[in-house]
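What follows is each chain in one-letter form.
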Amino acid sequence: MTRNPRKSLARATGAAALGLATLGLVACVPPLPEVPPSPIEFVGHTVEADLAGAAFVVAAQVTGDPAPELVASSFGGGLAGPGLVTLHTRGSDLDDWSTTEIAGAAENIRFPNDPTVADLDADGDADVIVPGGFFLCEFTFSPCGSLQWFEQDGGEWIRHQVVADGNARFFHAARLADMDGDTITDIVTVSETSSSARVEWYRGTSGAERFESTPQVIGNGGGSLPVVHDVDGDGDDDIVSPQFFGGTGFVWFERTADPSPGAPAGIWETHVITTATAAGFAVEPVADLLGDGVDRWIASNHTGDDSAGVFILDQPTDPTGQWTPSRISQGIRIETPEPGSAAPGVIGHGDIDGDGDIDVAVSGDGDPRIFWLRQEDDDTFSTFVVDQDMGQAGGALVVDLDGDGANELVFSSYERDTIEVYSRP
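Treat the numbers as computed from the prediction; the structure is a model and nothing was measured.

Trainee: Give me the lowdown on the environment of aspartate 114, citing residues and values where you can.
Mentor: When you line up the elements, aspartate 114 lands in the loop between strand E5 (97-103) and strand E6 (116-118). Residue class for aspartate 114 comes out buried when judged on its relative accessible area of 10%. For the pair aspartate 114 and proline 285, spaced 171 residues apart in sequence, the C-alpha separation works out to 18 Å. Look past the residues within four positions of aspartate 114 in its chain and what remains in contact with it is Phe56, Val58, Ile129, Pro131, His172, Ala173, Arg175 and Leu225. Of note is the side chain of aspartate 114, whose polar atom sits 3.4 Å from the side chain of arginine 175.

Written out as structure tokens, the structure reads:
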């Protein structure tokens, strides 16, 4: 298949489907390593074949239908142009989908990123948080950071602004958690520039706009896709984050004191998880990953050489010490040395082959392939190719979309302008 003509633009902006980038040229590398095709011959289903610059995609119940729907963001056909946030609802089967807009081009959100779906106004239906922006805006046109949520009101979507358009700091993901114990959820995010990252939260309120616009700063560092999780088991929420820039792979922020009048953000201490994986990209906690009752973390880095991969991060008894990374993927890497090209990308987990254990889905990102990692009986993982041509893929969802008891894989592709579902026959 012919590659999308925006490929060179996407490479120049980094892993554009997810908004991260390296600015230097990578060394000359050999062709892509051989990775075996999947022993499962997945059946492909196209959700949307013409979604320009398809980026993130999440599964959620949005319209009240018990079946999960897909909410996607896309960057549009031009670098400076507005993107879209769209809702994709399944019809009679996995080949039958309808698309409606949550945020259209008229909203002028540049680089809409990872959407979060939740009932924010307690009216019984789902709303959508949309973070926006990208570091390239600093160099080519005006800053483009933004943070907003869209209220579902019947058949309409009403925009509420948390951080106004054109902010110098941009946002890739928004997580919900009650950070101050008032029973109202707050937004936890990382705001970034081309040279800095800052973990912060925005206090939730009972007012119509729902969130305050002034951030409570947790600390410097972290990266685009944070996770809220009680790392140390002390009953409060900590924050785990990949860290792409700054030479550190993954970090976590320990809450050592709750918010108070003297410390409205709370008090936090930063800990390095590991530096052995190089640039961090995504991280997820997985309960009982290997079936031994131990909760572990899976993570992906984002590099231009043989260090690229998916890892298990084993958390030590004292989580403030260095965690042990073990690479579980094989053969994922970029093929040609282009600016900003790196691998792999986003990850997901679930039972992919129906054998009862947990497998891993992963985007190759700068490697145009998408993969799944099958968990074997000896707690190792085998890497298989799902599709050869899904460059700069987002999603990596493992979810049962049609209620038949078998999980599907969902990926988007920036280079192909598409969202695809892969089902077991």
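Trainee: Go over the state of the cysteines, please, and point to the residues and values.
Mentor: In the structure shown here, the tally under the stated rule is one disulfide. Two residues, cysteine 137 and cysteine 144, share a disulfide whose sulfurs are 1.9 Å apart. Handedness here is read from the sign of the S-S torsion; for cysteine 137 and cysteine 144, about 85°, the answer is right-handed. Summarising the burial analysis for this pair, cysteine 137 and cysteine 144 share the class buried.

Trainee: Give a detailed account of the environment of glutamate 151, specifying residues and quantitative values.
Mentor: Along the chain, glutamate 151 falls in strand E8 (residues 145-153). Along the chain, glutamate 151 and proline 215 lie 64 residues apart, while their C-alpha atoms are 21 Å from each other. Apart from the residues lying within four places of it in its own chain, the contact partners of glutamate 151 are Asp121, Asp127, Glu156, Trp157, Ile158 and His160. A polar side-chain atom of glutamate 151 sits 2.7 Å from a polar atom in the side chain of histidine 160.

Trainee: So, the pairing of strand E16 (residues 250-257): which residues are in play, and what are the values?
Mentor: Looking along a regular strand, one sees the side chains alternate between the two faces of the sheet. Burial of E16 is extensive: six of the eight residues sit out of reach of the surface. Here four bridges tie strand E15 (residues 238-242) to E16, and the two strands are oriented antiparallel to one another. Bridge pairing in E16 links proline 242 to phenylalanine 250. Two elements, E16 and strand E17 (residues 267-274), share seven bridges in a ladder whose sense is antiparallel. Within E17, the position partnered with arginine 255 by the bridge is tryptophan 268.

Trainee: Help me get a handle on the pattern of salt bridges, residues and values and all.
Mentor: Under the counting rule described, the total for this entry stands at 14 salt bridges. Notably, a salt bridge pairs aspartate 114 with arginine 175, separated by 3.4 Å at the nearest N-O pair. One end of the pair, aspartate 114, is in the loop between E5 and E6; the other, arginine 175, is in strand E10 (residues 170-177), with 61 residues separating them in the sequence. Through salt bridges with shared partners, one network takes in Glu107, Arg159 and Asp165.

What counts and what doesn't
Here the residue numbering is sequential within each chain, running from 1 through the sequence in written order. With pLDDT at 70 or above as the cut-off, local features in this predicted model cover only qualifying residues; side-chain atom pairs require 80 or more to be listed or tallied, and sums for whole chains, interfaces and linings still use all residues. Values shown for side chains rest on all heavy atoms present in the structure; no hydrogens or waters enter the calculation. Helix and strand definitions follow DSSP, with helices as H or I runs of at least four residues and strands as E runs of at least two, each counted in order from the N terminus. The classification of residues rests on relative accessible area computed with a 1.4 Å probe and restricted to protein chains. Under 20% of the type maximum is buried, over 50% is exposed, and intermediate values are partly exposed. Contacts are assigned to residue pairs that have any heavy atoms within 4.5 Å of one another. Here a polar contact means two N or O atoms within 3.5 Å. Within protein one must be a hydrogen donor candidate and the other an acceptor candidate, and residues neighboring in sequence count only if both atoms are side-chain atoms. Cysteine sulfur pairs qualify as disulfides if the two atoms are within 2.5 Å. Strand pairing is assigned whenever DSSP detects at least two bridges linking the two strands. In what follows, salt bridge is the name for a side-chain nitrogen of Lys or Arg lying within 4 Å of a carboxyl oxygen of Asp or Glu.

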